[in-house]
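# Commentary on secondary and tertiary structure
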Amino acid sequence: MRVNLTVNGRPQTADDVWEGESLLYVLRERLGLPGSKNACEQGECGSCTVRLDGVPVCACLVAAGQAHEREVLTVEGLADHARQRAADRTETRDTPEPGPGTPAPAPGTPAPGTDLAAARRWLASPADPANSELAPIQQAFLDAGAVQCGFCTPGLLVAADELLERTSEPSDADIREALAGNLCRCTGYEAIMDAVRLAAARASEGG
């Protein structure tokens, strides 16, 4: 079957999808987005966490057909998603409600979302603290030393970003609950907690 879905803000199509295929397989093998990791394939470790219509899910447990005509956000799209979120907040705060005379976007305005080709060649540059390619939560993970082997990191980033989107000042209990489905084998979690705290603090300071 053909599955049409929006991935990281842009329409994508996967052809010849068989009925037992997972969303994780489609993302990794058909669309070339390897950020979501394939580990337990039982929904226990959270390494494959993505957002489906805004809700964190284990992509290994979602049938590809369930994602038809729906929106998926992966770790490759976090930076663009964060920039769009910040722009939306600024626009909401600084502009009046659009009326009948609201002009259309100017010709040549870049398409929203993350281009597949760009996502496939994405590389972080942690040496540059002002790296515009990183979402705030990604930069916080680097600054707090919350990344070691990195295998669990994509799922943790997606889950943590969703938490910060809905809760601007999360408590430690909020952070633990949001990340409860994501297993880490290296850090002992305290550095991860520090990273989410750091991202929240920077957001509250307008950073």
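Note on numbering: residues in each chain are counted from 1, in written sequence order. Selection of residues for local features in this predicted model requires a pLDDT of at least 70, selection of side-chain atom pairs for listing and counting requires 80 or more, and totals for whole chains, interfaces and linings are taken over all residues. For the side-chain quantities, the full set of heavy atoms in the structure was used; hydrogens and water were omitted.

In this section: the pairing of strand 4 (residues 55-58). Two strands form a pair only when DSSP identifies at least two bridges running between them. Working definition: helices are DSSP H or I runs of at least four residues, strands are E runs of at least two. Numbering for both runs from the N terminus. One ladder, built from four bridges, connects strand 3 (residues 49-52) with strand 4; its direction is antiparallel. Bridging across to strand 4, Arg51 finds its partner in Pro56. Connecting strand 3 to the next strand, strand 4, in antiparallel fashion are two residues, including Asp53 with a positive phi near 50 degrees.

A few words on the sheet that holds strand 3. On the basis of which strands lie adjacent, the open sheet formed by five strands has the order 2-1-5-3-4 and mixed pairing. Across the chains shown, the open sheet's two edge strands, defined by having one partner strand only, are strand 2 (10-14) and strand 4. Strand-to-strand twist of the sheet, defined as the mean angle between neighbouring strand axes without regard to direction, takes the value 40 degrees. Across two bridges, the pairing between strand 3 and strand 5 (residues 71-73) is antiparallel. When the bridges of strand 5 are listed, Arg51 appears paired with Leu73. Note on contacts: a residue pair qualifies if any of its non-hydrogen atoms lie within 4.5 Å across the two residues. Axis lines are fitted through C-alpha atoms, for helices just across the contact stretch, and the angle between N-to-C directions can take any value from 0 to 180 degrees. Helix 5 (residues 153-166) rests against strand 3 and strand 4 of the sheet, and its axis sits at about 40 degrees to strand 3.

A word on the pattern of salt bridges. Criterion for a salt bridge: a side-chain nitrogen of Lys or Arg within 4 Å of a carboxyl oxygen of Asp or Glu. Following the criterion strictly, the structure yields 13 salt bridges and no others. As a salt-bridge pair, Arg85 and Asp161 come within 2.8 Å of each other at their nearest N and O atoms. Highlighted residues: Arg85 in helix 2 (residues 78-94) and Asp161 in helix 5, separated in sequence by 76 residues. Of the two residues, Arg85 and Asp161, neither departs from the other in class, the shared state being buried. For Arg197, the salt bridge identified is with Asp194, shortest N-O distance 2.6 Å. Highlighted residues: Arg197 and Asp194, both in helix 7 (residues 190-204), separated by three residues, approximately one helical turn. Only protein chains enter the accessibility calculation, which uses a 1.4 Å probe. A residue is then buried if its area is under 20% of the maximum for its type, exposed if over 50%, and partly exposed in between. Judged by its relative accessible area of 27%, Arg197 is partly exposed.

Before going further, it helps to examine the environment of Asp16. Following the sequence through the fold, Asp16 ends up in the loop between strand 2 and helix 1 (23-30). Once the C-alpha coordinates of Asp16 and Arg30 are considered, the two residues, 14 residues apart in sequence, prove to be 9.9 Å apart. Setting aside residues up to four positions removed in sequence, Asp16 forms contacts with Met1 and Arg30.

Our focus in this paragraph is the packing of helix 4 (residues 136-143) against helix 7. Their axes nearest at 8 Å, the elements helix 4 and helix 7 cross at an angle of 130 degrees. Considered as vectors, helix 4 and helix 7 are oriented oblique to each other. Remark: the crossing between helix 4 and helix 7 carries right-handed chirality. Seen from helix 4, the contacting residues are Pro136, Ile137, Gln139, Ala140, Phe141 and Asp143; seen from helix 7, they are Ile192, Ala195, Val196, Leu198, Ala199 and Arg202. Of the residues belonging to the contact of helix 4 with helix 7, the class tally is nine nonpolar, one polar and two charged. Throughout, the term roughly parallel applies to angles under 35 degrees, roughly antiparallel to angles over 145, roughly perpendicular to angles from 65 to 115, and oblique to all others. Two helices cross in a left-handed way if the nearer one is turned anticlockwise from the farther one by less than a right angle. They cross in a right-handed way if the turn is clockwise. Charged means Asp, Glu, Lys or Arg here, nonpolar means Ala, Val, Leu, Ile, Met, Phe, Trp, Tyr, Cys or Pro, and polar covers whatever is left, Gly included.

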